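Okay, here's what each chain looks like letter by letter:
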Amino acid sequence: MEQRLDPLSEAFEAFTSSLAGILGIGRLEAERLTVKPPREEYGDLGFPLMRYARRLGLDPGEVAARVSRKLEAAGVSWARVEAVGGFLNLRLDAPAAAERVFRLLEGGWAPRPPGTPEPRVVVVEHTSANPIHPLHMGHARNSALGDALARLLEARGHRVNRRFYVNDAGLQAAYVVLGFKLLGLDPREAAGRAGLKPDELVGWVYAATHTLIDAEKVRRSGAPPGELEELAASLARLREREPLPGLFDRLLEAISSMEDPEGEVAGVLRDVEFRREPTASLARRVAEAALEGIRETLARFGVSFDAWDWETDLLWSGRVARILEEARRSRYYTRHKGAEALDIPRIVRELVLPDPEARRRIRLPRGFEVPPLILVRSDGTTLYTTRDIAYTLYKYEAAGADEVINVVGAEQRLPQLQLRLALLGLGYRREALNLTHYDYEMVNLPGRRMRSRRGILVTLDEVLDEAKARAVEEVRARNPGAPREWVEEVAEKIAVGAVRFALVRTSAPRPITFDFDKVLDLRENSGPYLQYTYARTVGILAKHGPIDYRAADPGECGEPQRRGLLVESLRTGLVAAKAADDLAPEDLATHLLGLADRFNSWYQMESVIHDPSEASRECKAALVELVKRALEVGLGLLGIPLTPRM
RNA sequence: GGGCCCGUAGCUCAGCCAGGAUAGAGCGCCGGCCUCCUAAGCCGGUGGUCGGGGGUUCAAAUCCCCCCGGGCCCGCCA
């Protein structure tokens, strides 16, 4: 299928490729250095020439002339190039560009990112919350980012495979399974009886079991006084919120009469890992129940997956055992603190330091001794990272992937680094070097610190419900007499848009303080603002009726505000492409806000449907259509729902 | 003790990776705009020792070094 390029993308291609040729640099470098000029009067694309001009002894004016000739030869007649103070600036001739855009719009085209020259098969693993409690705001950031990344990469022309890893074999899962075992409850049945979402019921049992065991430990061996108070407060809160009468006391009694509560947890862990019944089946039922609730929340949030990978499947199918065998045969096999381990420091010395490519892509911190990786506990069960080695290989294999992106919190940098190094040591160089840890910082709540093992967390469901409640008020006030179902539907979209936008707009390495009032007040520079702008474009076009592109005069697009709208709408495709390449959804978010500001500004100044001149009116309508499609594409890529009216 | 991340306007953040063109938004605050396409909007004003110090460079918010403040990690947790 032939790719249809808009005038800006075509100019961008011709501009960067001719510069690459003239300066003797790579095409990619030329593309990277080409920026949006800081001031509109400079042009639509800018390139800093001074560093090359100086070195190559080139005269900027002459380079401009050469690039101009190249553009002409490439048939790009709607852009001109000039040298200004060491910069090479390209400026679209708005009327000529508009004429082409009108034809594209008529044919159903939208400003999507141009296809990548190097399509790959990419696995994006994200969210992967432990199946032991509801999704909280930290997971929500993971989902919002991971899903936006997947959408961007797909739009850029990669084949994307979205996977959720179900960590049902870890220590935390063992706590909740023990809780259900002691209570003799079936998770789904109990949730039904309590009238709760299954993940909420599971979350309560998890927090109660964990907290009671911690309290028991403290009671027996003593603990710092501060922690005692904290435990007592947590226990009181958990008791108060027990989902079914008597549950808390039953659990308390069972745990306080145990000889070695933590030993019991370890026992459950072994039973799950080695698939001993009935615990193994119970563990599955617990995880499945939690997952049912998690899936429901994710569906509401607009996030979907291609595959759900169970940690226990990796264990029970023998995949983890095979990796362990490989490790034992490896020259990097060692013992650390008496346990079976991989000699990571030696892998660094022998395989990373002498290998420049590995050095660059593994992202090894300077001067930091990475500790050995223990593979197996002394009771024979494996550790998370051991299973993750098997899982990573499985992801490559199952998807036929060239690249794997793990969306995982920044606090897991060390284990993710160890994972890459372990793969390298075991001979999986390609897999190690193409594994990206996309790390993001935490979501903080003002005044509160989330601790899911104590049941202190703000769930995504709660936040969405609150956002929706506020949106319902607003929508109702603005649309008196509107049917209730419609109000609900729109409010839900606004809620999802507000939360998702708040979570992708800030760059990942920056911690977010989730301020309810700011995110939910819906008036800030936010998702709903973009949704509102989109609804405006729809409203105008609905009143205007079908656009007569033949009657539209592209010459009307020369006026500065209109030409700005034209260029910035077109830029959406280029911005999305770069956001995909840089794994930076926030760049697209920033761009869309700028586009919306521009549109709203213009909207206030000029009327579309009341313009008496047909030539001018149709041109404006075409611009509105262009903005609408840009917002459609952009918001779609960020997973923000659209509503034609709000 | 070591490693990593963050520090830009009163607040929330772009810009830093790939050094260059008068440091940008939004919120807040002050003052305006709805007989006219949705005022969840728009216009004008206010507001900055780019955490501090040194260095590299024709040029530093951006690169390097030191320091300060905050966060995370250094576990047979993940």
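Residues numbered from 1 in each chain as written. Chains lettered and ligands numbered in written order. Predicted model: local features only at pLDDT ≥ 70, side-chain atom pairs only at ≥ 80, totals over all residues. Heavy atoms only, no water.

Participant: Please clarify how the overall build of chain A should be interpreted in this entry.
Facilitator: Helix and strand content of chain A: 27 helices and 13 strands. Within chain A, contacts between residues separated by at least 24 positions form 78% of all contacts whose residues are at least 6 apart in sequence. Working note: accessible area of chain A is about 27600 Å², and carbon and sulfur atoms make up 49% of it. Of the side-chain charges in chain A, 91 are positive and 95 negative, and the distance between the mean point of each set is 3 Å. (Helix = DSSP H or I, 4+ residues; strand = E, 2+ residues; numbered from the N terminus. Contact = heavy atoms within 4.5 Å. Areas by Shrake-Rupley, 256 points an atom, 1.4 Å probe, with all protein chains shown as cover. Lys, Arg positive; Asp, Glu negative; His and termini not counted. Charge placed at Lys NZ, Arg CZ, Asp CG, Glu CD.)

Participant: So what exactly am I meant to see when it comes to empty space enclosed by the protein here?
Facilitator: It is a probe the size of a water molecule, rolled over the atoms, that shows where empty space is left. A full pass over the atoms with the stated rule returns one cavity of 30 Å³ or more. Reported here for the largest cavity is a volume of approximately 40 Å³. Around the largest cavity, the lining residues are P131, I132, D168, A173, V176, V177, A283, V286 and A287. In terms of residue class, the lining of the largest cavity is made up of eight nonpolar, no polar and one charged. (1 Å grid on protein atoms, 1.4 Å probe; cavity = no way out; pocket = protein on both sides within 12 Å on 5 of 7 lines; lining within 4 Å. Points joined across faces, edges and corners; volume = space filled by probe spheres on them. Nonpolar A, V, L, I, M, F, W, Y, C, P; charged D, E, K, R; others polar.)

Participant: When you look at the sheet that holds strand β2 (residues 79–84) in this model, what are you seeing that I'm missing?
Facilitator: Whenever strands of a sheet pair, they do so through backbone hydrogen bonds, lying parallel or antiparallel. Strand order in the open sheet formed by three strands is β1-β3-β2, with antiparallel pairing between adjacent strands. If you trace the sheet from one side to the other, it starts and ends with β1 (45–48) and β2, each paired once. Ignoring which end each strand starts from, the neighbouring axes of this sheet average 20 degrees apart. In terms of strand pairing, β2 meets strand β3 (residues 87–92) through six bridges, oriented antiparallel. Residue pairing in the sheet places E82 in a bridge with N89 of β3. (Pairing = 2+ DSSP bridges. Axes fitted to C-alpha atoms, helices over the stretch in contact; angles between N-to-C directions.)

Participant: Help me out: how do you make sense of helix α12 (residues 261–273) in this one?
Facilitator: Over its 13 residues, α12 runs 19 Å from end to end, which matches the ideal 18 Å to within 8%, given 1.5 Å per residue. Here the buried face of α12 lies against α7 (171–183), α9 (198–221), α11 (247–256), α13 (279–301), α14 (311–316) and α18 (384–399). Directly beyond the C-terminal end of α12, a positive phi value near 55 degrees is found at R275. (Expected span 1.5 Å × (residues − 1).)

Participant: What exactly am I supposed to notice about the protein's contact with RNA strand B here?
Facilitator: Around RNA strand B sit 70 residues in total, of which R478, Y532, S601, Y603 and E606 are the nearest. A share of 63% is what sugar and phosphate atoms reach among the atoms of RNA strand B within 4 Å of the protein. Between S507 and RNA strand B, the recorded distance is 2.7 Å, taken from a side-chain N or O atom to a phosphate oxygen. P509 places a polar main-chain atom, nitrogen or oxygen, 3.1 Å from a sugar or linking oxygen of RNA strand B. Each residue belonging to the surface near RNA strand B can be placed in one class, and the counts come to 29 nonpolar, 15 polar and 26 charged. (Near = heavy atom within 4 Å. Polar contact = N/O pair within 3.5 Å; in protein donor to acceptor, adjacent residues only side chain to side chain.)

Participant: Explain the sheet that holds strand β7 (residues 333–336) here, please?
Facilitator: Strands sit in the order β7-β8-β9 across an open sheet of three strands; the sheet is antiparallel. The strands lining the two open edges of the sheet, one partner per strand, are β7 and β9 (373–374).

Participant: For this particular structure, what's the right way to read the nonpolar core?
Facilitator: The nonpolar side chains of a soluble globular protein tend to be buried, and buried together. Core analysis: the largest hydrophobic core is formed by 127 residues, its most contacted members being F47, L88, L92, M137, F301 and L503. At 13 residues, helix α27 (residues 614–638) tops the list of elements feeding residues into this core. Core analysis: the next-biggest nonpolar cluster, separate from the first, contains 42 residues, Y332, L375, L417 and L426 among them. (Core = buried A, V, L, I, M, F, W, Y, C linked by side-chain atoms within 4.5 Å. Buried < 20%, exposed > 50% of the residue type's maximum accessible area, 1.4 Å probe, protein only.)

Participant: What am I meant to see in the layout of surface pockets here?
Facilitator: Computed from the structure, the largest pocket encloses a volume of approximately 1800 Å³. Around the largest pocket, the lining comprises 49 residues; the ones closest to its centre are A577, K578, A580, D581 and D582. Contributing elements (two or more residues each) for the lining of the largest pocket: α1 (7–23), α2 (27–33), α17 (356–362), β11 (435–440), α25 (560–581) and α26 (585–605). Ranked by the residues each element gives to the lining of the largest pocket, the list is headed by α25, at nine residues. The class makeup of the residues in the lining of the largest pocket is 17 nonpolar, 12 polar and 20 charged. Of the pockets and cavities examined, the second largest pocket occupies roughly 1500 Å³. As for the second largest pocket, its lining consists of 43 residues, of which N130, H139, E411, Q412 and S452 are closest to the centre.

Participant: What am I meant to see in the environment of A280 here?
Facilitator: Here A280 is to be found in helix α13. By relative accessible area, A280 is classed as buried at 2%. Along the chain, A280 and G138 lie 142 residues apart, while their C-alpha atoms are 29 Å from each other. Once residues lying within four places of it in the same chain are set aside, the contact partners of A280 are D271, R275 and W316.

These figures capture arrangement, not role.
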